[in-house]
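Commentary on secondary and tertiary structure
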Amino acid sequence: MQASTNASDLPAATYIGIGQIKPLGVKIDVPSTGGGCGTQGGEGKASCGSSGGPDDMPAEIWEKVKNHPCYSEEAHHHYARMHVAVAPACNIQCNYCNRKYDCSNESRPGVVSQKLTPEQAVKKVVAVASEIPQMTVLGIAGPGDSLASPKKTFETFRMLQEQAPDIKLCLSTNGLALPDLVDEICKYNIDHVTITINMVDPAVGAKIYPWIFWEHKRVTGYEAARILHERQMKGLEMLTARGVLTKINSVLIPGVNDEHLFEVNREVKKRGAFLHNIMPLISEPEHGTHFGLSGQRGPTAQELKAVQDACMGGANLMRHCRQCRADAVGLLGEDRSEEFTLDKIGQMEVVYDLERRREYQQRVESERQAQHDAKQEALAVSREIDVADDMKVLVAVATKGGGRVNEHFGHVTEFQIFEVSAAEALFVGHRRVDLYCQGGYGDDEQLPSVVRAINDCHAVLVAKIGACPKDELAQAGIEPVDQYVGEFIEKAALAWFNDYRNRIESGAVVHQDRGDASIRQGAYTSSASAA
Ligand code: CLF
Ligand code: SF4
């Protein structure tokens, strides 16, 4: 197992999570009072991975994932990550990429990052870590491929480790250069590596990659995909052998690799991948990509879920990816990069207080423990109820973080989606929407698009909602629920579900299946998310 200095500096905690966490963006005060698994062999329990807890995996794995918002679904409610755009070059071409924008393997088209030198990048990370104490992970994810610019990538990690040893290091790559750089990855204690693997059959790969740059020349077609595939598999095996946690990102491209991703899932599991993240293709003509211009569409919400569900039982699935940009800052689903431009950092008084970060994160741990306990209690109650069927429904939740129902319907830019049954309440995805509330008033023109985004849900849990959206949601067959304000999400979702079942039984409501929903395509601007 690879030695890790960055993870071991964090306080030992029983479970992860948020004490009196303050809203992101608020400076912390000095607290007055203290404040999966067999993953390496791919033979772990089905429950481990992104939704797993400390009981599902060896302690050393838990230490690595417990506060990584991408590797632990639970952590993503509480911990933030940031990216620095230090790696501009790329050594392959993907049909869903336009180099004008960031690498779509780990971000999305439509926004361009401010490129940084390693020195600028480290300065930025330290500034962000001082302001956002729950920022625990630095990722390098472009804007090209992190390993196509290895000097810049590793120099950034090296310098950061000296200045901020408690921050976990993470990188994302297409895998072509990976086998040659595994030693460097281990040398810098990079515990988390993502490889984008869209195929294990070069015939499928030839439809996704027009060329790669290999041994000083451009290679095209089947041969290009074959080389890429071999390098990806070799890199994954080498990382597994060294104890580095690997996540596999796959872009779901309907009609190209949708049926093939099941095989990808099995092959990466065999080689020890910790997680498999199946992401929707983002493809619009205005992005200028080959797929965008040739009319290749992305999947619907139900198509994505169906492929993810079909892969259950193989490599553990990540379903909370936000396809964030190469300079993203904040909780997954929010983007605070505008607050940390080089100009603004230059004016900040930066004090990196490791002790204060630890104390803050301990409060996060308490809150996470409370969320975990609340879910277990709610599940125990729910499982007592005698049910004859295995009904499952989707519920949309308005939250601004902390794992609670705490957002006004009109302020939502992203709903979290939970699948609820008598036996579980599981996060299964998110849906981006345009803000309904504009300048204090509801924008009725936005409502249909919001309804479309959660059209497959039976209810939406909110902290508050106005009369007009309430009526429109009800007419669409989605129940607006505002009686669980401030409650932990899973507890609230299970309570609503049990109440819903009671109403079905009493004849007060008739249960009906819901239709499909749309995944929002295109750019996700920081102004929209910050509003
Ligand atoms: Fe960044 Fe990626 Fe590390 Fe996370 S993102 S390099 S593993 S720290 Fe996370 Fe963003 Fe999805 Fe990536 S939500 S795009 S999976
Ligand atoms: Fe674009 Fe990333 Fe593919 Fe390179 S690896 S072509 S930057 S999507």
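As the structure is a prediction and not an experimental result, all values here were calculated from the model.

1. Considering a negative patch on the surface
Among the surface-exposed residues, Asp 444, Glu 445, Asp 471 and Glu 472 lie close enough to one another that they form a single negatively charged patch. Topologically, Asp 471 is positioned in helix H14 (residues 467-475). On the accessibility criterion, Asp 471 (48% relative accessible area) is partly exposed.

2. Topic: the sheet that holds strand S4 (residues 168-173)
As summarised here, the arrangement of the 8 strands in space is S10-S9-S8-S5-S4-S3-S1-S11, forming an open sheet in which the pairing is mixed. The two strands at the open ends of the sheet, each matched to only one other strand, are strand S10 (317-318) and strand S11 (329-331). As judged from the 4 bridges shared by strand S1 (residues 80-83) and strand S3 (residues 135-140), these two strands associate in the parallel manner. Opposite Ala 80, over in S3, you have Met 135 as the bridge partner. The sheet contacts of helix H7 (residues 221-242) involve strand S5 (192-196) and strand S8 (245-252), and relative to S5 the element is tilted by about 165 degrees.

3. Topic: the side chain of Ser 72
Tracing the sequence through the fold places Ser 72 in the loop between helix H2 (59-65) and S1. Polar contacts involving the side chain of Ser 72 include one to the main-chain amide nitrogen of Ala 75, which spans 3.0 Å.

4. Description of helix H5 (residues 178-187)
Within the sequence span of H5, burial applies to Leu 178, Pro 179, Leu 181, Val 182, Ile 185 and Cys 186. Buried positions in H5, seen along its axis, are confined to an arc of 155 degrees and lie on one side of it. Those residues of H5 that are exposed and angled more than 90 degrees off the buried face are Asp 180, Asp 183 and Lys 187. On its buried side, H5 packs onto helix H4 (150-163), S4, S5 and H7. The first or second residue beyond H5 is Asn 189, which carries a positive phi of 55 degrees.

5. Let's talk about the packing of helix H12 (residues 354-384) against helix H15 (residues 489-506)
Packing of H12 against H15 brings their axes to within 8 Å, and their N-to-C directions diverge by 20 degrees. Judged by the angle between their axes, H12 and H15 are roughly parallel. By crossing handedness, the relation of H12 to H15 is classed as left-handed. Contact residues: Gln 371, Ala 374, Lys 375, Ala 378, Leu 379 and Ser 382 in H12; Glu 490, Lys 491, Leu 494 and Asn 498 in H15. Taken together, the residues of the contact of H12 with H15 sort by class into 4 nonpolar, 3 polar and 3 charged.

6. Here's the deal with the environment of Leu 354
Looking at the element boundaries, Leu 354 is found in helix H12. As a C-alpha pair, Leu 354 and Ser 130 span 224 residues in sequence and 8.8 Å in three-dimensional space.

7. A closer look at the pairing of strand S9 (residues 275-280)
With 6 of 6 residues buried, S9 lies mostly within the body of the structure. With burial as the criterion, each face of S9 is covered, one bearing Leu 275, Asn 277 and Met 279 and the other bearing His 276, Ile 278 and Pro 280. Two elements, S8 and S9, share 6 bridges in a ladder whose sense is parallel. The residue of S9 that forms the bridge with Ile 248 is His 276. In this fold, S8 hands off to helix H8 (residues 261-270), which returns the chain to S9; that crossover is right-handed.

The rules we used
Residues numbered from 1 in each chain as written. Chains lettered and ligands numbered in written order. Predicted model: local features only at pLDDT ≥ 70, side-chain atom pairs only at ≥ 80, totals over all residues. Heavy atoms only, no water. Patch = residues over 30% accessible without salt bridge, like charges linked within 9 Å, V, L, I, M, F, W, Y side chains within 5 Å. Areas by Shrake-Rupley, 256 points an atom, 1.4 Å probe, with all protein chains shown as cover. Salt bridge = Lys/Arg side-chain N within 4 Å of Asp/Glu carboxyl O. Lys, Arg positive; Asp, Glu negative; His and termini not counted. Charge placed at Lys NZ, Arg CZ, Asp CG, Glu CD. Helix = DSSP H or I, 4+ residues; strand = E, 2+ residues; numbered from the N terminus. Buried < 20%, exposed > 50% of the residue type's maximum accessible area, 1.4 Å probe, protein only. Pairing = 2+ DSSP bridges. Contact = heavy atoms within 4.5 Å. Axes fitted to C-alpha atoms, helices over the stretch in contact; angles between N-to-C directions. Polar contact = N/O pair within 3.5 Å; in protein donor to acceptor, adjacent residues only side chain to side chain. Arc of directions from axis to C-beta. Parallel < 35°, antiparallel > 145°, perpendicular 65-115°, else oblique. Left-handed = near helix turned anticlockwise from the far one by under 90°. Nonpolar A, V, L, I, M, F, W, Y, C, P; charged D, E, K, R; others polar. Right-handed = clockwise from strand over helix to strand, strands pointing away.

Note that every value here comes from positions in space, so none of it alone points to a role or purpose.
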